[in-house]
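# Notes for the structure review
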Amino acid sequence: MQMEFRQLQYTLQIAAERNFSRAAEKLHIAQPSLSQQLSKLEKELGVLLFQRNTSTVELTHAGVTFVEQAQKIVDAVELLRQEMSDISQLRKGKVVVGSMPITGSHLLPHVLPAYQQAYPDIEVTLLEDAGLTLEKLTASGKADLSLLSLPLQEPSLSYVAIGEERIDLAVPPHHPLAVRGNTDHPIPVHMEELRDESFVVLKKGQGFRKLTFDLCEQAGFDPNVVFESNNIETVQSLVATGMGITLVPRFIARAPRSEFVPVYVPLAEPVPSRTLVVAYRQGRVLSKAAEAFIDTFKQTVAKLTEGDYENPTSVD
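Residues numbered from 1 in each chain as written. Predicted model: local features only at pLDDT ≥ 70, side-chain atom pairs only at ≥ 80, totals over all residues. Heavy atoms only, no water.

## Details of the overall build of the protein
Regarding its fold elements, the protein presents 12 helices and 11 strands. Its C-alpha atoms give the protein a radius of gyration of 31 Å, clearly above 20 Å, the size a compact globule of 316 residues would have. Projecting the C-alpha coordinates of the protein onto the three principal axes gives extents of approximately 105 × 30 × 30 Å. Counting across all 316 residues of the protein, residues that qualify as buried make up 44%. Considering only contacts within the protein whose residues lie at least 6 apart along the sequence, 72% involve residues at least 24 apart. Element-wise, carbon and sulfur atoms account for 52% of the exposed surface of the protein, whose accessible area totals about 16,600 Å². Averaging the coordinates of the 30 positive side-chain charges in the protein and doing the same for the 39 negative ones gives two points 9 Å apart. (Helix = DSSP H or I, 4+ residues; strand = E, 2+ residues; numbered from the N terminus. Rg over C-alpha atoms; globule rule 2.2 N^0.38 Å. Buried < 20%, exposed > 50% of the residue type's maximum accessible area, 1.4 Å probe, protein only. Contact = heavy atoms within 4.5 Å. Areas by Shrake-Rupley, 256 points an atom, 1.4 Å probe, with all protein chains shown as cover. Lys, Arg positive; Asp, Glu negative; His and termini not counted. Charge placed at Lys NZ, Arg CZ, Asp CG, Glu CD.)

Next up, the structure:
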């Protein structure tokens, strides 16, 4: 069966006008063409839809049934077009965003309010998990986007780079590395100086743990890990109480806290950093809502990373 959508529209117009001439006029086609299309449709269906009289056109029993169903189809298509128009114009839509716990807790509070203010009718669903799990969720289509850091392990993902986030050192308030400078102009620390320090780190499976170990290895030593936690806040609290030191992204270093706050010290040149990205499945056409989220995220991060160490989110 090769029924065409326009044939449904033609049939509905004939049924509404009960006259071929008026229907053809409303449809802006020639009457012979309209009659030809109806005859073609009736032949394909194997039933008559209209009884043609000299002055009027009346629906047959089959025609009544056909018109009822055709109207539902036409209405559904019109609704679909309207919904697609709403989505394309960002009047409505949905985007599922995956986020690592670190990124989610310290960046999304800046990104989401800006996004919802600009696009109040777009629904955002958040998925928070470890980086590798988020990569799999994004690759399988369960997340539209994921906020991650390079390198990515899943080969089926593409990404948009958001920016470089510097890595800082967090030490207890009275640690020698904290007091050798001052809070306004801390003295940068070389990674090699941390060789004999005790480290508090995230547990396995979290990307920032691997970054910490990689930076230590590049400096020529393996970190002496004394405590591990799944939560970056717990890690920092343990550092603040003197249990060790740790590395942290600058977005975390700038977040306010009321107690158990370590001292944040910059690392010396070349300053280590991580590349923040928004990842998505290769070949997937991003919705307007997803594209708008990426743009909002980039703009927000750009604002957060303005300035120098006085605003400790500086990005080169």
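## Things to note about helix α6 (residues 108-118)
Of the residues making up α6, those classed as buried are L108, V111, L112 and Y115. Around the axis of α6, the buried residues are gathered within 90° of arc, so they sit on the same side. The inward-facing, buried residues of α6 contact β3 (93-99), α5 (101-106), β4 (122-128), β5 (145-149) and α12 (288-304). (Arc of directions from axis to C-beta.)

## Considering the confidence of the model for the protein
This prediction gives the protein a mean pLDDT of 86; 91% of its residues lie at or above 70. A low-confidence stretch, residues 308-316 stays under pLDDT 50, and its non-local contacts, those more than four residues away or across chains, total 28 contacts. (pLDDT = per-residue confidence, 0-100.)

## Focus: α12
For α12, which comprises 17 residues, the first-to-last C-alpha distance of 24 Å matches the rise-based estimate of 24 Å (1.5 Å per residue) to within 8%. Every buried residue of α12 is listed here: A289, A290, A292, F293, I294, T296, F297, T300, V301 and L304. (Expected span 1.5 Å × (residues − 1).)

## Notes on the packing of helix α1 (residues 5-17) against helix α3 (residues 31-45)
In contact at an axis separation of 10 Å, α1 and α3 are set at 110° when each is read in the N-to-C sense. Relative to α3, the element α1 lies roughly perpendicular. Our pair here, α1 against α3, has a crossing hand that is left-handed. Where α1 abuts α3, its residues R6, Q7, Y10, T11 and I14 lie against L34, Q37, L38, K40 and L41. Class assignment for the residues of the contact of α1 with α3 results in 5 nonpolar, 3 polar and 2 charged. (Axes fitted to C-alpha atoms, helices over the stretch in contact; angles between N-to-C directions. Parallel < 35°, antiparallel > 145°, perpendicular 65-115°, else oblique. Left-handed = near helix turned anticlockwise from the far one by under 90°. Nonpolar A, V, L, I, M, F, W, Y, C, P; charged D, E, K, R; others polar.)

## Some words on the side chain of S149
By the secondary structure assignment, S149 is in strand β5. In contact with S149, other than residues within four places in its own chain, are M100, R274, T275, L276 and V277.

## Description of the packing of aromatic side chains
On inspection of all chains with the given rule, the structure shows 4 aromatic pairs. Ring geometry for Y115 against Y119: centres 5.2 Å apart, planes inclined by 50°, an arrangement best described as tilted. Judged by centre distance (6.4 Å) and plane angle (20°), the ring pair of F293 and F297 falls under stacked. Note that F293 and F297 are positioned in helix α12 at a spacing of 4 residues, about one turn of the helix. Assigned by exposure class, F293 and F297 land together as buried. Taken together, Y115, Y119, F293 and F297 form an aromatic cluster joined through their ring pairs. (Phe/Tyr/Trp six-rings, centres within 6.5 Å; stacked < 30°, edge-to-face > 60°.)

## Describing the pattern of salt bridges
Taken as a whole, this structure holds 9 salt bridges when the rule is applied. Here E17 and K26 are joined by a salt bridge, their closest N and O atoms 2.9 Å apart. Judged by relative accessible area, E17 falls into the buried class, the value being 15%. One salt bridge connects D214 with K210, and the closest N-O pair in it is separated by 2.9 Å. Of the two residues, D214 and K210 are both situated in helix α9 (residues 207-218); the distance of 4 residues between them amounts to about one turn of the helix. Residues participating in the shared-partner salt-bridge network are E17, R22 and K26. (Salt bridge = Lys/Arg side-chain N within 4 Å of Asp/Glu carboxyl O.)

## A closer look at the environment of L107
When you line up the elements, L107 lands in the loop between α5 and α6. Separated by 86 residues in sequence, L107 and S21 have C-alpha atoms that sit 64 Å apart. Not counting residues within four places of it along the chain, the set of residues in contact with L107 comprises F251, L276, F297 and L304.

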